[in-house]
Amino acid sequence: MTLKVTASGEALGATIEGLNLARPLQPAELDSVLKALGKHGVVRFPRQELTGRELRDFSRQLGDLEINVASHAYQEPGVPEVMILSNIVENGKPIGLADAGQGWHTDMSYSRMIAFANVLYGIKIPRRNGETLGATQFSNMQAAYAELPADVKKTLEGKSVLHDFNKFWEMMRREKGSKRPALTEAQRKAKPPVSHPVFLRHPLTGKRVLYANPGYAMRINELPEKESDEMLEFLFEHQLKPAYVYTSRWEEGDVLVWEDIGTIHNAVADYGPDEHRFVKRCQVMANRYFREDEL
Ligand code: SIN
């Protein structure tokens, strides 16, 4: 079967059929996947059957993988590049990070080297009344940039945004009832806030993107505090206009890949503790496309 890409027809999203991700991709197949990722931002590969190692090996073809040292308790045994996201508790112990990504954000925007893509493999997906729960939502930052008012583009040109890992962490504790403990001084030191340009050029499409997100963006460095607060409030509202948002509903066996430069995302927390979700994740870094000193 040849590879078939079907667009969702919405702001983002496509389904790719005809690839078995457990086998290495041919160079032309990898090229097609990257083209689809640039064009649609989010691509879904249905009906995959992957071990943790196979998920890691597929993800590695997209770039270098991050090993999340903060959450080593939730790494796949023997495959530290694979992290478990799950609300399942076995013998009183959570088997994965239960509330990852439940708020709009971009993975790793708080890091010196930013993320290129996320690869998630849905193994158990909650279902109620025949409908799947725990969808992942995305918003299109190429469209958000293109439709910024001209005066905002002019004000923000050449400016940078400060991103802080602790912002999302504290929001989860304060607003979402997360039981995660506050970060220790040592953990905060290990992840100090970093700045990145507010506009980046997308490495796959060459288009400009709005690179700011409600989860981690704290401050437009070059604006006075009040102006920065007002600008961020405007950007957070603008970037979530319904026209830019796409909801990807999971089926068991889906591998969902999205690029993190031109999209922001949110894990929808619409399922209860007894409605089990079990997803494996790899984080692909963007060092194939950017040098740290360009960010
Ligand atoms: C994430 O933010 O990486 C998790 C998304 C999800 O579990 O749907």
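Scroll up to find the structure.
Scope of this entry: the structure provided in the associated data block. (Residues numbered from 1 in each chain as written. Predicted model: local features only at pLDDT ≥ 70, side-chain atom pairs only at ≥ 80, totals over all residues. Heavy atoms only, no water.)

## Brief notes about empty space enclosed by the protein
Step number 1: All chains considered together, the criterion is met by two cavities of 30 Å³ or more.
Step number 2: Considering only enclosed or pocket space, the largest cavity measures out at about 160 Å³ in volume.
Step number 3: Lining the largest cavity we find 19 residues, and of these Leu85, Ala100, Leu120, Ala267 and Arg277 sit closest to its centre.
Step number 4: Elements represented by at least two residues in the lining of the largest cavity include exactly β5 (79-86), β8 (115-124) and β19 (263-267).
Step number 5: The residue makeup of the lining of the largest cavity, split by class, is eight nonpolar, seven polar and four charged.
Step number 6: Of the pockets and cavities examined, the second largest cavity occupies roughly 40 Å³.
Step number 7: Among the residues forming the lining of the second largest cavity, the class breakdown is six nonpolar, three polar and no charged. (1 Å grid on protein atoms, 1.4 Å probe; cavity = no way out; pocket = protein on both sides within 12 Å on 5 of 7 lines; lining within 4 Å. Points joined across faces, edges and corners; volume = space filled by probe spheres on them. Helix = DSSP H or I, 4+ residues; strand = E, 2+ residues; numbered from the N terminus. Nonpolar A, V, L, I, M, F, W, Y, C, P; charged D, E, K, R; others polar.)

## Thoughts on the layout of surface pockets
Step number 1: There is about 230 Å³ of room inside the second largest pocket.
Step number 2: Every residue lining the second largest pocket is listed: Gly103, Trp104, Lys167, Phe168, Glu170, Met171, Arg174, Glu175, Lys176, Pro214 and Gly215.
Step number 3: Classifying every residue of the lining of the second largest pocket gives four nonpolar, two polar and five charged.

## Observations regarding the environment of Ser111
Step number 1: Mapped onto the elements of the fold, Ser111 is located in the loop between β7 (93-94) and β8.
Step number 2: Taking the relative accessible area as the measure of exposure, Ser111 reaches 15% and is therefore buried.
Step number 3: Once the C-alpha coordinates of Ser111 and Gln26 are considered, the two residues, 85 residues apart in sequence, prove to be 31 Å apart.
Step number 4: Filtering out sequence-adjacent residues up to four positions away, Ser111 remains in contact with Val194, His196 and Met285. (Buried < 20%, exposed > 50% of the residue type's maximum accessible area, 1.4 Å probe, protein only. Contact = heavy atoms within 4.5 Å.)

## Side note on the pattern of salt bridges
Step number 1: According to the stated counting rule, one finds 18 salt bridges in the structure shown.
Step number 2: Its salt-bridge partner being Arg60, residue Asp57 comes within 3.8 Å of it at the nearest N-O pair. Pair noted here: Asp57 and Arg60 are both in helix α2 (residues 52-60), with a separation of three residues, about one helical turn.
Step number 3: Of the charged contacts in the structure, one is a salt bridge between Glu230 and Lys226, with a shortest N-O distance of 2.9 Å. Here Lys226 and Glu230 lie together in helix α7 (residues 225-238), a separation of four residues that amounts to about one turn.
Step number 4: Judged by its relative accessible area of 61%, Lys226 falls in the exposed class.
Step number 5: One salt-bridge network, held together by shared partners, links Arg56, Asp57, Arg60 and Glu81. (Salt bridge = Lys/Arg side-chain N within 4 Å of Asp/Glu carboxyl O.)

## Topic: a negative patch on the surface
Step number 1: On the surface, Glu225, Asp229, Glu233 and Glu237 cluster together into a patch of negative charge.
Step number 2: In this structure, Glu233 sits in helix α7. (Patch = residues over 30% accessible without salt bridge, like charges linked within 9 Å, V, L, I, M, F, W, Y side chains within 5 Å. Areas by Shrake-Rupley, 256 points an atom, 1.4 Å probe, with all protein chains shown as cover. Lys, Arg positive; Asp, Glu negative; His and termini not counted. Charge placed at Lys NZ, Arg CZ, Asp CG, Glu CD.)

## A few points about the sheet that holds strand β13 (residues 194-197)
Step number 1: Pairing is antiparallel in the open sheet, where three strands are placed in the order β13-β12-β16. Two strands close off the open sheet at either side, each with one partner strand: β13 and β16 (217-220). Here the strands of the sheet are splayed against their neighbours by 35 degrees on average, with no regard to which way each runs.
Step number 2: Inspection of the sheet shows strand β12 (residues 160-163) paired to β16 by three bridges, in the antiparallel sense. Counted as the bridge partner of Val161 is Ile220 from β16. (Pairing = 2+ DSSP bridges. Axes fitted to C-alpha atoms, helices over the stretch in contact; angles between N-to-C directions.)

## Description of the packing of aromatic side chains
Aromatic ring pairs are described here by two measures, namely the spacing of the ring centres and the angle between the planes.
Step number 1: Using the criterion set out here, one finds eight aromatic pairs in the structure.
Step number 2: With a centroid separation of 4.8 Å and 65 degrees between ring planes, the pair formed by Tyr110 and Tyr216 is classed as edge-to-face. With Tyr110 in the loop between β7 and β8 and Tyr216 in the loop between β15 (208-210) and β16, this pair connects stretches of sequence that are 106 residues apart. Across the pair, exposure class does not vary: Tyr110 and Tyr216 are buried alike.
Step number 3: An aromatic cluster of at least three residues, connected via ring pairs, comprises Tyr110, Phe165, Phe168, Trp169 and Tyr216.
Step number 4: The positively charged end of Arg180 is found above the aromatic ring belonging to Trp169, 4.5 Å away from the centroid.
Step number 5: Sitting over the ring of Phe165, Lys191 keeps its end group 4.6 Å from the ring centre. (Phe/Tyr/Trp six-rings, centres within 6.5 Å; stacked < 30°, edge-to-face > 60°. Lys NZ or Arg CZ within 6 Å of the ring centre and 35° of its normal.)

## What to know about the site of the ligand
Step number 1: Leu85, Gly101, His105, Asp107, Asn118, Leu120, Thr136, His265, Ala267, Arg277 and Arg281 make up every residue found near the ligand.
Step number 2: For the ligand, an oxygen atom lies 3.2 Å from a polar atom in the side chain of His105.
Step number 3: Asn118 is positioned with one of its side-chain polar atoms (N or O) 3.4 Å from an oxygen atom of the ligand.
Step number 4: When the free accessible area of the ligand is taken as 260 Å², the share hidden by the protein chains comes to 99%.
Step number 5: Judged by its atoms lying within 2 Å of the grid points, the ligand is housed in the largest cavity.
Step number 6: Of all elements in the fold, only β8 and β19 reach the threshold of two or more residues within the shell around the ligand.
Step number 7: For the shell around the ligand, the class distribution of residues is three nonpolar, five polar and three charged. (Near = heavy atom within 4 Å. Polar contact = N/O pair within 3.5 Å; in protein donor to acceptor, adjacent residues only side chain to side chain. Sits in = over half its atoms within 2 Å of the grid points.)

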